[in-house]
Structure formats: C-alpha cells, structure tokens
Amino acid sequence: MIRCLLGALLSLCFFAANSFAQANPCSLTDHMEYTKKIKEFTTESFFSTELVDHLPLSACVPPPDASLHHIVGAPNVLDYTKDINAYFRLLASKSPRVRVWSIGTSEEAREMLVAAVSDEANLSKLDRYKEITARLADPRGLSDAEAQKLIAEGKPIYWADGSIHSPETGAPEMLMELAYRLAVEDTPFIQKIRRDSIVLITPIVETDGHDRMVDIYMQHKKHPDLPPYPLVWWGHYVAHDNNRDNMGVSLALSRNMLKTFLDWHPTVMHDLHESVPYLYIMTGTGPYNAWLDPIVISEWQEMAYHEIEEMTKRGVIGVWTHGFYDGWAPNYLLSIANSHNSIGRFYETFGNGGADTRVRMLRPPDTNREWYRPNPPLPKVKWSARDNTNMQESAILFGMNNVASNGQKFLNNFYLKSKRSVEKARAEGPAAWVLPADDPRPAEQASLLNLLQLQGVEVQRLEKELHVTGVQSGQEAGSDKEKSTEKPDVAARPKEEKKSPEAVIPAGSYVVRMDQPYSRLADMFLDTQYYSPRDPRSYDDTGWTLGALRNVKTTRVTDLSILNAAMQKMGRIDSPGGIDGQGKTFLIQHNTDNTLATLRFRLTGVSMEAAEGSFEADGMKFKAGAFVIRNADRAQLEKAAKDLGIKVHATNTSLSVKTHPLAVPRVALVHNWQNTQNDGWFRIPMEELKVPYTYVADTWLRETANLREKFDVIILPPMGGGGPAGLSAVVRGLPMRGDPRPWKNSAETPNFAAPGLDSTADIRGGLGYQGLANLERFVREGGLLIAVQTSASLPVAGGMTEMVNVSDARSMQAPGSVVLSTIDDKKSPITYGYDEKLYVYFRQGPVITVGSNFGGPGAEEGLGGAPRSSGRGTASDPDVIQGRLYEPPEKPVKRSAHEQELYVPEDLPEFARWAIPPKDQQPRVVLRFAAEKDLLLSGLITGGNEIAEKPAVVDVPHGKGHVVLFANNPMWRGETMGSYFLVFNAMLNFDHLDAGGAAVTSP
Ligand SMILES: [Zn+2]
C-alpha cells in the first residue's frame, strides 16, 4: 500500500478497487509506460510485430507489471512459480474472460495451473464445449450428421504450455502477457480468438525445476563475480528427459498433463521451448511416427507455414521449420496430443538461459539459407528476453487466430482422426493386441495394461478360449528367417496376409481392441519399429517396443474374428496374489516380477533364501532363484503377497536344493554435481517399488573412506560421456577454483534442496583420486559396485577388473534401440528368474570385451581359418607352397563367443600364464548380446557387429567383492521394467554372486 502512495504502482491500487462483478464494460487505453519499455527492451524492429509492440491498459484487469513490478520480457529478472500462478489467479479474479484451476502438483508439491481464456459466453458454457470435444474424441455410435452438428456447435481448444525445460525461461513470462492481452484487447484479431476458440494456458510445466532455475539466475545477478551454479536438478528426478516421459508416464507433470488432456481433448497442444535461433516452428525432418494418422502430418505443415508466412510478411527475420527434430519417437510431451488424435506441436525460440540481453554470434549452419529457412538468422545480433517474448507471442497468436478462424475444419479433422482410429481394426489393422493369460509375469503384465488404461486405452478380458489365425508375437526379431522358407511372391506380401496356423488364446487373456479411439497409441507402443539408416539421423530413441522392454508377452492379431469374441471391459488390473498349500516352508517362483524386490525389502525381518538350482515340490517346478522362506508368519506373508500380487506356495516337502540367504542390502545410488538426469531414472523405480537407497554424491564418496561400513551395494548410473574425457570429468568434477560452493537452501536459494535431493557444503572436486580409491577399497572389502553404461569405464580404467576391457564403439550407430540378449551364465544369481532371452535397451555403448588378451585365435582367424594368404586357386582352395609336399591346413577350431573369451592356448608362455587370474577370479559374462542377424528388434543399429555376441552384463570379482558392468541401461525412462531385475538380483545376492561359478581355488 505504501508503494501506492509512492505512485510506483498506481495502477494496482486502482484496479484493486474494481472487479468484474461490475457490469460496466472496462475502458481500454494505451499502457504508455509498458509500451515504452517494450520498445526499449526490443533490440531490433525485425524482432517484433504489431500484435505485441504495445499493451492496452484495462480499467478493471491488472496488467502483468501491476503484479510483477516489471514488464514481461524485462532484462535481468525472472519470477517464481508462486508469483506467476498468483498473477493468473489475479487475472481470473478480475476478468470474466479468465478462469483458473489447478491440474495437480509436482513431486515437490508446487502447483500446476491451467488458465482458460475466452469470451464470457464461452466460459459460461465450458462444460458443454468439453462435452462436445469428448464426444468427438470417441465417435463410436455417433452418426456423421450428429457429428457435424456437434462440430458446428463446438469451439476448438488451443492449449499453450511453457517451460517444461527449466533453463528455457521465457515462456512462463510471455504467457502472462498473452493471457492478459487475450482477455482485454479489443482488436478484431484478438476478438476472433476469444469468440471462436477457447485458449488454455499452463504457464509452467516443470514447476520444481523452474524455481531452482530462478534461484540460480537471481543469485548470480546478485553476485555476478561468483561462478554461476549448475542447475544440478531441474525437476525432482530428471532434467531434459522430462520431455521423454510420455511412454513411461513416470513423472507428476506427465500425469497431470495427460489427465488434463483426456479431460478436455484440446484440438492443439503447443509446447514452448528455447534453443535454436530465432524461431523454429515444429514440423520436423521425418521419419514421422508411422502410427499417426496422415491428417496430422498435414496439419503440422499447414499450421507452421501459416505462422512463418505471417511473421515473414511483417519483416521478422529467422522464422523457419523442418530441419530440427525428427517426429519419430512418441515420448515427448506433445505426443500426448498427437497420439490421442489431436495436434501436438512446439516452438523453439532463441534463449539466453535467463533474461540477459547479450550479443550472440552464430555459425554458418545456423545462418545458411536453406529451402526450409529462406530468411535465415543473422551472424551477429543483440538478443533480449523481450525479443524472445515478441517472437513467441506473435507467432502463437497467429497460430491461435488460425485455429479460431478455421475452427470447424480443425474440429472436423479431429473427429475424422478419431473415427479413423476406431476403423483401424478393419482398415489397416491389426484387429487387436493380446496379452495372454498365461504370461509368467502377471504383475508386470498388469502394470503395462494399467499404463495403457492411464493413456485412455480400453482393455478387455476374454471370457472364453479363442481360436484365431493371423497372429504374430510382438517380440520376434530376425523375421527374415520365415521369408527364406516361403515362395518369393508370398514372402513379398505383408506378414498378416500369409497363412498362419491357428493359434489358441487362453480364456482370461487381455485384449486391446483396435476399434477404439486410442488404438493408434496402443499400436505404436506395442508394435516393433524399423528406423532406416537412410533416414536423417534420429533425434532421440529409435525403438521402444514396450512389451519387449517390459518382458511381457504380446501378440499381434490380424484375424478380425477376435472382435466378435465375448469380452469384458476392465477397470484397474491387479495381479492376484496369496498363499496356496499348507506347510512351514513357503516357495515363491522367481519370475522377475519387480514386486519380488518390494517383498524382500518389505519383510526385512524375515529370513529368505534363494535356490541355487531348479527343483520340484508337490509336483510344481521352481526355477533357480526361487525364494525359499522357512518358518515365516503366514498371515504376514499372505498380506504382503496379496498386496503385491505374488503367488506363494506353502509346503512341508523337504528341499534338497542348495540355497543361500537373500540379503536386504544397504544401497547407495551415486550422483554428481553437474548433471543428475540418468540417476533419476533409477530413483523413480526404486522409490515406486519401495527399494530403499541412499542418494550420495561423488564428492561424498571422495570424503568417506569407510564406505563398506555404510553400504553393501553402490550403484553408478550412467555419468559423464564415457571414454577418457568422460572418465576425466567424473574424476575432476567441478573445478576446485575459488571458494567452496555450498548447495543448500538459503535466503537467496530457497529451492535448491528438497526432501529426497542432496545438499553439501561444497559441490567442487568430483570423485577425485581419493574417491576412486575409496570405491576400490569398498569392493575389495566385500561390497558390490554396479557400473552402468558410460560409468562402466570407471572401475575398469580404475584397475578394479582383470581380463575386461571397455571401449567406445568405433563406427556403430545405435541411437537408442531394443536389442536381443541371451542369458550366458544360467547359474549366476544375476540371471535368476529369467528365461533364455531378454530384450534390453541399448544406446551406443560401451563395447565390453572379456579376456581378449589371452583368448588365442578364434574360428575366423589363424590356424587354417580364413582369410587365407595370396596364392594359388580360388579363395576356398588350398594353397600349395612350391618345393615341398602339400600339407592340408589344420581345421579351424569352432568356439562359441563364451568359450573363446576365456580360452587359454596350450602353448601360452609361462610368464603370460602366470598373469591369468584363477578361475574363480575371472569375469563371468552373465548376459550377452545376440548374434548380429538376431540383434535388432526395434529401432536402428548399423555396425551391430561391434556388440554382437559381446558381453552385455559382466560380473567381475575383486577382492572379497564384485564389480558388475552393464553395457545396456537396465533402468531407462520407466520403459525397461524387463531388465530391472538384473539390478535387483545383483543387489539381493551381492554377497553370493559367486554361487554357481567356478570353485574357489585361492585363499
Ligand atoms: Zn526445451
């Protein structure tokens, strides 16, 4: 109030006395001061348009500066979530054209909002418009005539959302001005948007990361001579990958946005990003996601070109499309819209990582003229936060006006896409996907089905056994094999046209029908993907087949008769659990359902054992790794089994199988102070499955000598970039320059640390040589170190492993694919519960090799193997050396990759033999990548021979402990549930990993 007397915020005091309850129309004038500042902060006239070069002043509705004390796009200032949300609520309280509601909270309890902006008349009928889009979204039983009536009555809904990526700070500010402008401005252009559409705005998608970013930015503004903080955590779990969560739906923001989408069915969903200059409007290079209706591909282009044309007409420089991002993987936030028959799109404006005004220099790749960038950015320009605001706001206003002006067309397209999704079963097919009732992993199957239901997909359950033709496993690599046995003309036709034998689908199987509105989403998640090496380099993962990655059986059915079978629509699906039989010994099949790990950590006080081999009890077969629980409290166990969907068999049979105790290990998960993203994908499943862990920093490992006293297992998720440079970065960490840099909450940084995150007195220095030494001692004293993907080089280069090498791929391209691996050591506890084959997620490296120093010549080289030397005859003829009797060469020795790795030639010299560790201290290859021809299920791999038949998971003894190396990433984006148990098995058996291995030969 004192400020009002000072006159600085006269307008706020004035507005506070008004309210929209007063019926009089609000008078509009020019907001001279605001307009003057817009001009001042815009660095070039060609970074603005007539839509945003001014701001009107309403007599009843407060403009952003009244609440924020600065204009939107002002230099050197950013606003916190609570202040941005407060402005939207203020708008709603003052304008009848704005409504605001919460759509949920983040992991750290910050609120996410939606503001609806439209004419009063439209807002008073919001529920009716919502009803119309919902009916068009599910047009089953709707005639075309009825649909046309609804389309005529309906309004398109345009949902703009800002700052899923925390360093991209412009959109939350811009969206406040946009909301105000849409609510008050009276130009025909804005009136059109207001009258003929409903605009939804979510100012901040990643609210936790936004507040940490504002902390960092504003702290640095106050202390410009100190080095700026890295944004160690964006969101609570992951950074940039929060925009890769649409398949796993692991994050609160994904759930909140998905739920809101399914509630409103917005016609367009538009994410606002910042990176490339100056304004990129998404279409993408392709290959586009192959399961989308082609209509949406046209809509992207048409909308992008409309905005490019409008901006370019006005002399705006550097607005372009196409050459950024591909459009293939359905894991982005905008995929929510695209995979549900709406339009998902995005912008990238030029960002400065905050609200700085800076001169920016561009290199030729950004300034060259291209067909898709006819008016390219300039090599050098001063760029400001206001420029960013102008570009985003102008372009999205053209986009909104376009949708409002063509609302009937967009709604009709939405209806058509929905209708064609329902027709998919009988048009392009398949008819359905089936998840059979006899899946050995019922808990994981239920989890996948519940994920589909969360996405709005209907799941049914088959009442009776069904006989169908036209089935194909969803997890079948190397399908060329079939072709070779077929006549060429038959093989050339799509697989479903071939006569396939009758298959039996058991009663109780789950059916995902393809005659439902979101059939395309189910099909794109469950089908296999082929990404051609001829296509542009992929922007992200190329393969994701969820059945394979979750190790859940799926069957693609093209036989239409399945649609006529009796089935029941399901609600939430739980896998049944409980105890059958009588007796004092409880047996649990190890099926690698992840809830088994939950059970172990839930009943910490109950002794459990792992069977070291397969066995039978009461006529039932149990696999190696089966849980054996003796003399437990039946009621307690039964409660846990029911809660977790685990089947337990009680028996009095005496068991002769060898067992060892299943540990309840103390687990540490490591992060550094530069980038925490990959560990977040480990933290999420461990927290969801209630597997306790302690989150520790690299710097803490450096400072803690007695790690073994504190932990049994330490997990190094992928950290750094791999290779010598990545290793160097892990060891060095942030430079030890200047003063200690605490990461703690303070008056200037109130949002740095939240429960579940970490804090420290100094983030500098990394793991250091001492940290490496402490880790080595930890393993030597009996600990288990699990090192994943890029982190695998740390224990190897750090000297903790013998006969193992880790290297980067030479020329292989594997940009995130689903590949086949086989269990190589069935007796290793790490493989307990698994069948022969497992599909895993693999991205680019590392390449792990074992024993190559001593392995001797393989089948393909030396000792008479190919290639032969130059000489007489054809390539396969024997060579004949002149002047002596012909001696046929020795037959090449055939050894499997497994045999070859640890093969020691008989003629190895003594000094070299001495260097080979005893058998029980040699590495055990646990999981191995398949042969090259069988390797790829989904995505792209070129040069796959670099990993074909090479180790995927290796267990290396060191001292009293073990190092387990992963070339695949077993915990990735909430998609790889099938490989989680490789980690859990290693953890639960950390002190018995030698089980099933070579007999101990050394003290
Ligand atoms: Zn972004």
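Before going into details, it helps to say that this report is about the structure given with it. (Residues numbered from 1 in each chain as written. Predicted model: local features only at pLDDT ≥ 70, side-chain atom pairs only at ≥ 80, totals over all residues. Heavy atoms only, no water.)

1. Digging into the coordination of the zinc ion
(1) Moving on: Only His-165 (ND1), Glu-168 (OE), Glu-168 (OE) and His-273 (ND1) from the protein coordinate the zinc ion, and they sit 2.1 to 2.5 Å from it.
(2) Moving on: Here the zinc ion binds four donor atoms, and the angle range of 56 to 152° at the metal identifies the geometry as irregular. (Donors = N, O, S within 2.8 Å, 3.2 Å for Na, K, Ca; no water. Tetrahedral: all angles 85-135°; square planar, octahedral: opposite > 155°, others 65-115°.)

2. Section: the packing of helix α9 (residues 170-184) against helix α16 (residues 385-405)
(1) Moving on: Look at α9 against α16: their axes get within 9 Å of each other, and the N-to-C directions meet at 50°. With respect to their mutual orientation, α9 and α16 come out oblique. Once α9 is placed against α16, the crossing between them reads as right-handed. Facing Gly-170, Ala-171, Met-174, Glu-177, Leu-178, Arg-181 and Leu-182 of α9, the residues of α16 in contact are Arg-386, Asn-388, Thr-389, Gln-392, Glu-393, Ile-396, Leu-397 and Met-400. (Axes fitted to C-alpha atoms, helices over the stretch in contact; angles between N-to-C directions. Helix = DSSP H or I, 4+ residues; strand = E, 2+ residues; numbered from the N terminus. Parallel < 35°, antiparallel > 145°, perpendicular 65-115°, else oblique. Left-handed = near helix turned anticlockwise from the far one by under 90°. Contact = heavy atoms within 4.5 Å.)

3. Quick notes on the pattern of salt bridges
(1) Moving on: For the coordinates displayed, the defined rule picks out 61 salt bridges.
(2) Moving on: Notably, a salt bridge pairs Glu-310 with Arg-314, separated by 2.9 Å at the nearest N-O pair.
(3) Moving on: Judged by its relative accessible area of 31%, Arg-314 falls in the partly exposed class.
(4) Moving on: Where Asp-835 meets Lys-623, a salt bridge forms, and the shortest distance between an N and an O atom there is 3.0 Å. (Salt bridge = Lys/Arg side-chain N within 4 Å of Asp/Glu carboxyl O. Buried < 20%, exposed > 50% of the residue type's maximum accessible area, 1.4 Å probe, protein only.)

4. Notes on the nonpolar core
(1) Moving on: Among the nonpolar cores identified, the biggest contains 296 residues, and Ile-562 and Ile-786 are the most heavily contacted of them.
(2) Moving on: Residue contacts for Ile-786: discarding those within four places in its chain leaves Val-713, Ile-714, Ile-715, Leu-716, Val-964, Phe-966, Val-983, Ala-986 and Met-987.
(3) Moving on: Of all hydrophobic cores here, the second largest spans nine residues; its members include Leu-587, Ala-626, Val-628 and Leu-655. (Core = buried A, V, L, I, M, F, W, Y, C linked by side-chain atoms within 4.5 Å.)

5. Considering the sheet that holds strand β22 (residues 585-588)
(1) Moving on: If you trace the six strands from one edge of the open sheet to the other, you get β21-β27-β22-β26-β23-β28, paired in mixed fashion. Edge positions in the sheet fall to β21 (578-581) and β28 (659-661), since each has one partner strand and no second. Shown here is a sheet whose adjacent strand axes are inclined to one another by a mean of 30°, direction ignored.
(2) Moving on: Of the pairings in the sheet, the one linking β22 to strand β26 (residues 627-630) comprises four bridges and is antiparallel in character. The partner of Ile-588 across the bridge, within β26, is Phe-627.
(3) Moving on: Lying on the sheet, helix α24 (residues 634-644) is in contact with β21, β22, β26 and β27 (647-651); it crosses β21 at an angle near 125°. (Pairing = 2+ DSSP bridges.)

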